[in-house]
Amino acid sequence: MSEEHYNVKYCIEPKPIVSFTDSFDDEIEDFGFNLLCAPLIPEGVIAKSDMLLSCGQWAEDIIGVISPECIEDSKKFQAEMGWATYLGITYIMFAPFLTEDKKVSKIEEIKEIKEDEKEKKTETEEEKEIKKKKQSESIHDKNTNYIRMINSTLKSTTSTDFIIPFYLSDKNSWNKWNEIRLMTESYSSFYPALILDSSKVHTECIESWMGENVKALIIPSDLFAEQKTRNRNSKQSAFQLPKQIVQLIKHFMIKDIDIILRQSEGHKVRRDLHKQFYYLRKIEKSLPKLSNWEIANRDFEDCLQDPLQPLKDNLESSSYAVFEDDTIKYELYEKAVYKALLDFAKLRKKEDPKINLKENPIVVMLVGSGRGGIVRRCIIASHKSKVPIRLYAIEKNPSAVITLRNNKWEYDHEVIVVDTDMRVWNPPEKCDIMVSELLGSFGDNELSPECLDGAQKILKKGGISIPSEYNSFMCPISTPRLFNELFEKKNNLKGLETSYVVNFGKYKYLSNIQKVFTFTHPLPKESIKKDNSHNDRFKSFNFVLKNDSLIHGFAGFFDAILYKDVKLSTNPIDHTPQMASWFPIYFPIQKPVFVKAGDNFKASMWRCTSNDLKRVFYEWTVTSPVILPIHNVNGRSSSIDL
Ligand SMILES: C[S@@+](CC[C@H](N)C(=O)[O-])C[C@H]1O[C@@H](n2cnc3c(N)ncnc32)[C@H](O)[C@@H]1O
């Protein structure tokens, strides 16, 4: 069942709580909610005795809710926080920030409406305007003080997750959250939650929230529309949510968040909440089933991995085994070799109609053959096309060479295994087709250009390289979760000037994806420079952003033309379906950059080959709307060794 692959937790927030321990028994023990939201009132009236729950239950099953009055009452705030710490609560939800149209309590709201109505009759337009401005400034000041209080708490606690709720009806909700995290220097124990307080969703506002590490959706029970069902005892859901809201819930359920079902004031019947819970579970069950590939990849979500360096390092057998699991890549290589063989055979026959291809087979050299994944595919392509080949497998990893030699007996074809670095090899003959797979998540970042430049002397005149071309792509990305990790755990320059291979989990691509660098093979002999400077590249970008955004760096992808129309791609625009060999690459920036909707975000990227000929590295920077220092100058923090 699809739900087994998602990790949605359900929480109930009964209001008011009459007896805390009874609620706990009913909702968690009997009904199956995962969590219970409870006010952090120390007096013990509601809880009877806090010792009725174990320390483990306080830590794992309860979200402690700070009361709204705390926004303006630091003593109360300290008391509630102190109580939460004493109980060992690990999830604490703050009260939502004040907004112009949402007051702390209903009574306050009614009082203000009455006063406003009295005054409105006598006020001039100008006076009204001044009053509105003053009110807004006062709200802003109160919120700023509240942020200060929260910030001081964050600094003194380490193992607690803090949740700040925002009203989705507030168009500026994301900007408010952004302001808070910038003021508090963005702590990773600090999460936003969204209150779905209106069935109307502002598209731009929701777009901005999509990349955030949202901890919970808070669904007030009065958002559900009640359907009249004939059978009173029916377990069928009697409640429904608007389509747009269901879509939104689905989006976040896929990202494994908590759903908090909040009993609205005046919505008395607890049994209705259970029906609503049942309805939400139904939505979860309707989520698309994950493929085995997606299930496996979920374990790697938002893990920062160092890119492989197969030229400098010798890969382990288990790494090859992972590559070989991705049958899609190998099928594409087989198809490319098959098509190239047919074309070569045709050409040969055209040049010499009497040619016997068995005596003069097409020479295929697989450079960087690993444990032989593509070797097998070249043999299959030869069988399928009925074009005879002489096949060489060149590999510099001595252990992989042993496997290749052992495997030779399994192939129904001779394979000439050569233990060497392709750049220095002097072949006994030249080849028609040079096949390689030296591609990294950013295309050229495992030094395919340098290796193939060195190897291309093994190609006959008119010979081809598979791949013939590869391009890198990138776009700005919002990925607060990863940035926080880099900022806090690796809080040093090196960590923020290094690229990482990542299966992005909580993220948003913020603009159109643009091409970065292109490499083609083989190159005309004269364009290959001894100092490798022909492989230097530079590109500047102008990205236009659709929504207000906080940028945490760049996401990088690549595509490769293997042969003619046989192509593989990790670019989200035309990603090869189900191909799992490459996750995207992430280039972080030292400081997040805020960009307003419609503004230009300008950046530059360099691929640098060093004078000592031993390294290749990337440098990158942002030039608008702010200027950031050039990252990774002279490859000081990260480089790829030749
Ligand atoms: C990404 S792996 C691909 C392996 C294999 N083709 C596959 O798809 O399973 C790249 C392989 O190229 C080898 N390699 C990298 N640079 C090389 C070089 N200069 N000469 C020979 N082999 C090289 C590495 O040792 C590694 O086995």
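Here the structure is a predicted model, which is why all the values come from computation and not from measurement. (Residues numbered from 1 in each chain as written. Predicted model: local features only at pLDDT ≥ 70, side-chain atom pairs only at ≥ 80, totals over all residues. Heavy atoms only, no water.)

1. Some points on the pattern of salt bridges
Applying the stated rule across the entire model yields 27 salt bridges. Between Arg-607 and Asp-444 there is a salt bridge, with the nearest N and O atoms lying 2.7 Å from each other. In this pair, Arg-607 is assigned in strand E24 (residues 600-609) and Asp-444 in the loop between strand E14 (431-436) and helix H15 (448-455), connecting sequence segments 163 residues apart. Judged by relative accessible area, Asp-444 falls into the buried class, the value being 1%. One salt bridge in this structure joins Arg-607 and Glu-450, with 2.9 Å as the shortest N-O distance. With Arg-607 in strand E24 and Glu-450 in helix H15, this residue pair connects regions lying 157 residues apart in the sequence. Glu-450 matches Arg-607 in its accessibility class, with the two residues each being buried. Each of Arg-348, Glu-351, Asp-432 and Lys-460 takes part in salt bridges that share partners, so that together they form one network. (Salt bridge = Lys/Arg side-chain N within 4 Å of Asp/Glu carboxyl O. Helix = DSSP H or I, 4+ residues; strand = E, 2+ residues; numbered from the N terminus. Buried < 20%, exposed > 50% of the residue type's maximum accessible area, 1.4 Å probe, protein only.)

2. A look at the UniProt feature "domain: PRMT5 arginine-N-methyltransferase" (unreviewed entry) in the chain
Here the UniProt-annotated "domain: PRMT5 arginine-N-methyltransferase" (unreviewed entry) positions come out as residues 296-466. Helix makes up 40% of residues 296-466 and strand 19%, with an end-to-end C-alpha separation of 29 Å. (UniProt positions renumbered as here; feature names shortened; annotations may be inferred.)

3. Looking at the nonpolar core
In terms of nonpolar packing, the biggest core is built from 100 residues, with Ile-433, Ile-466, Phe-554, Tyr-586 and Met-605 touching the most fellow members. Looking at this core, the element that brings in the most residues is helix H12 (residues 327-351), giving nine residues. Looking at which domains feed residues into this core, each of domain 2 (317-437) and domain 3 (469-641) gives three or more. Core analysis: the next-biggest nonpolar cluster, separate from the first, contains 74 residues, Tyr-10, Phe-77, Leu-168 and Leu-550 among them. (Core = buried A, V, L, I, M, F, W, Y, C linked by side-chain atoms within 4.5 Å. Domains from an automatic or database assignment.)

4. With respect to the packing of helix H11 (residues 317-325) against H12
Axis separation between H11 and H12 bottoms out at 5 Å; the angle between their running directions is 70°. Taken together, H11 and H12 sit at an angle that is classed as roughly perpendicular. Facing H11, whose interface residues are Phe-323, Glu-324 and Asp-325, H12 presents Thr-327, Lys-329 and Tyr-330. Here the contact of H11 with H12 is composed, by residue class, of two nonpolar, one polar and three charged. (Axes fitted to C-alpha atoms, helices over the stretch in contact; angles between N-to-C directions. Parallel < 35°, antiparallel > 145°, perpendicular 65-115°, else oblique. Contact = heavy atoms within 4.5 Å. Nonpolar A, V, L, I, M, F, W, Y, C, P; charged D, E, K, R; others polar.)

5. Notes on the pairing of strand E7 (residues 216-220)
Within a regular strand, side chains alternate between the sheet's two faces. The buried fraction of E7 amounts to five of the five residues, a majority that puts the element mostly inside the structure. Alternating positions in E7 separate into two faces, Ala-216, Ile-218 and Pro-220 on one and Leu-217 and Ile-219 on the other, with burial throughout. Where strand E6 (residues 190-195) and E7 come together, three bridges link them in parallel fashion. Note that in E7 the partner of Ala-193 across the bridge is Ala-216. Handedness of the E6-helix H7 (residues 203-209)-E7 crossover: right-handed. By the bridge criterion, five bridges tie E7 to strand E10 (residues 258-262) in an arrangement that is parallel. Bridging across to E10, Ile-219 finds its partner in Leu-261. (Pairing = 2+ DSSP bridges. Right-handed = clockwise from strand over helix to strand, strands pointing away.)

6. Examining the sheet that holds E24
The four strands are arranged E20-E24-E25-E26 in an open sheet whose pairing can be described as antiparallel. Of all the strands in the sheet, just strand E20 (537-544) and strand E26 (640-641) have a single pairing partner and so form its edges. Strand direction decides the pairing type here: strand E25 (residues 615-624) and E26, joined by two bridges, are antiparallel. Within E26, the position partnered with Val-616 by the bridge is Ile-640.

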